[in-house]
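Understanding the architecture of this molecule
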Amino acid sequence: MKKIALSLVHFFIVIALSAQPPMVNTPAVPGDTLRFVGENYFKNVQQLTFGGDNAEAYWSFDSKHIVFQRTNPKEGINCDQIFVGKVPTKAGEKFEYKLVGTGKGRSTCAYFMPDGKHIIYASTHEGGADCPPVPDRSKYGNKYIWPLYNSYDIYMADLNGKIVKKLTNAKGYDAEATLSYDGKKMIYCSDKSGDLELYIMDLATGKEKQITTALGYDGGAWFSPDGKKIVWRASRPKSDTEVKEYKELLKEGLVAPTNMEVWVADADGSNAKQITSWGQANWAPNFTPDSKGIIISSNHEYPRGFPFNMYLVDLEGNNKQKISRDKGFDAFPMVSPNGKRIVFGSNRNNGGTRDTNLFVADWVQQ
């Protein structure tokens, strides 16, 4: 039997659910039953997927399709693969999607090209057709750890699944890629320097620049729609014990990203600034279409590490507003480029299982 490979998605879902006692969720809004009271930025919430772990759903530039990753052993999808589907525009319309990844190895972090005909994503398929092995947490004091598979590289493919270009070739972990809104630059995470750093690549020439250097995990970066800023998640081990643990795990191709904050910089990586100091795990940051706000997934309100909810802040990390209310897991937000809808992953309406599904809602700017 194939093993199910642990991903960053599953890592945070496990944190959110593993110790969670049964609880009554926030009341739903009458007539909008998948939206909880207090979720004022959402309207007409619609569930897109049903069963398995579905996450990192990101819009096409025309705001009509999403690309996402999905695991569901019941369907024979034993570790994350990449799918594309057109988002319904009418109530009751079924969300239909198709596999566009290789179906081999494990894939993650897909993103549309501006032409709407190609995607980029990371995959381990060249390292083997099976799911990569899951780390044995008992060897590390049962800490939550995430594997950095060294067979990950980033590829460009068409919507029939044909790989048209391999974008990275370095030995080691290359993943977590997104694009500038003009499609000219790719920002991604790699450990090729010996640490988990961010790189920006010019897609036309393949030339790239390392833009972070501080010790710690830098990843999950996005360009602002206006092209002026980037945002990302980062860990910064400080004490001797933290530094030693981080380096030892990294040597074994592992990271334990339980303490991360959000950073913002100019689009070339200059003038980097930490904008949250909330504690615990603050991650999956993403700009609003006007480039004036950032939505962050976080568990900072909860000492036990759950739930994860989504928060809206300005570019300085101020004016924080809690925009989601599930008592399990809300994350991976992306407002459509046209500013009309938001897609996100959530544990809501999963019947008490650990399934994480995709939801879409009208985005109501306050």
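Our subject in this report is the structure included herewith. Since the model is a prediction, treat every value here as computed from it, not as a measurement. (Residues numbered from 1 in each chain as written. Predicted model: local features only at pLDDT ≥ 70, side-chain atom pairs only at ≥ 80, totals over all residues. Heavy atoms only, no water.)

**A short note on empty space enclosed by the protein**
Here the idea is plain: a probe the size of a water molecule rolls over the atoms and shows the empty space left. Note the cut-off: A cavity here means a set of points on a 1 Å grid, drawn over the protein atoms and nothing else, where a 1.4 Å probe fits but cannot get out; a pocket is an open set with protein on both sides within 12 Å along at least five of seven lines, and a residue lines either one if it has an atom within 4 Å of a point. Grid points are joined across faces, edges and corners, and a volume is the space filled by probe spheres set on the points.
Within the structure shown, the criterion is met by 2 cavities of 30 Å³ or more. Of the volumes computed, that of the largest cavity is approximately 140 Å³.

**Structural notes on helix α2 (residues 240-251)**
One full turn of an α-helix is made of 3.6 residues, so residues set three or four places apart face in the same direction. Put simply, the rule reads: Secondary structure elements follow DSSP: runs of H or I no shorter than four residues count as helices, runs of E no shorter than two count as strands, and numbering proceeds from the N terminus. Expected span of a helix: the number of residues minus one, times 1.5 Å. Only protein chains enter the accessibility calculation, which uses a 1.4 Å probe; a residue whose area is less than 20% of its type maximum is buried, one above 50% is exposed, and one in between is partly exposed. Taking the helix axis as origin, the arc is that swept by the directions to the C-beta atoms. Contact definition: two residues touch when any of their heavy atoms are within 4.5 Å.
Relative to the 16 Å expected for 12 residues at 1.5 Å per residue, α2 spans 17 Å between its end C-alpha atoms, a close match to the ideal helical length. For α2, the complete set of buried residues consists of V243, Y246, L249 and L250. Projection of α2 onto a plane perpendicular to its axis shows the buried side chains occupying an angular sector of 140°, all on one side. Summarising the geometry of α2, the exposed residues directed more than 90 degrees from the buried face are D240, T241, K244 and K251. Structurally, α2 contributes buried residues whose contacts are with β19 (254-255). Directly beyond the C-terminal end of α2, a positive phi value near 70° is found at G253.

**Things to note about the state of the cysteines**
Applied cut-off: The term disulfide is used for any two cysteine sulfur atoms that are within 2.5 Å.
Counted under the stated rule, the structure contains 1 disulfide. Covalently, C79 is tied to C131 through a disulfide, its sulfur atoms 2.3 Å apart. Given an S-S torsion of about -100°, the disulfide between C79 and C131 has left-handed geometry. Residue C79 is located in strand β6 (residues 77-86), and its partner C131 is located in the loop between β9 (118-123) and β10 (146-147); the two are separated by 52 residues in the primary sequence. Of the two residues examined, C79 and C131, each falls in the buried class. C109 takes part in no disulfide bond, and the closest cysteine sulfur, belonging to C189, lies 9.1 Å away.

**Remarks on the nonpolar core**
Formally: Only buried residues count toward a nonpolar core. Its members are Ala, Val, Leu, Ile, Met, Phe, Trp, Tyr and Cys residues joined through side-chain atoms within 4.5 Å.
Ranked by size, the top nonpolar core spans 61 residues in total, and within it I66, I120, M186, L196 and W283 carry the most contacts. The element best represented in this core is strand β4 (residues 53-59), accounting for 4 residues. Residues contacting I66, with those up to four places away along its chain left out, are L48, A57, Y58, W59, F83, V84, G85, V87, F95, F112, V343 and L358. Residues I323, I342, F344 and W363 belong to the second largest nonpolar core, which totals 14 residues.

**Side note on the layout of surface pockets**
This is how it is decided: Each residue is assigned to one of three groups, with Ala, Val, Leu, Ile, Met, Phe, Trp, Tyr, Cys and Pro labelled nonpolar, Asp, Glu, Lys and Arg labelled charged, and all others, Gly among them, labelled polar.
The calculated volume of the largest pocket comes to roughly 480 Å³. Looking at the lining of the largest pocket, the elements with two or more residues in it are α2 and β20 (261-266). When residues of the lining of the largest pocket are assigned to their parent elements, the largest contribution, 4 residues, is made by α2. Its residues assigned to classes, the lining of the largest pocket comprises 11 nonpolar, 7 polar and 6 charged.

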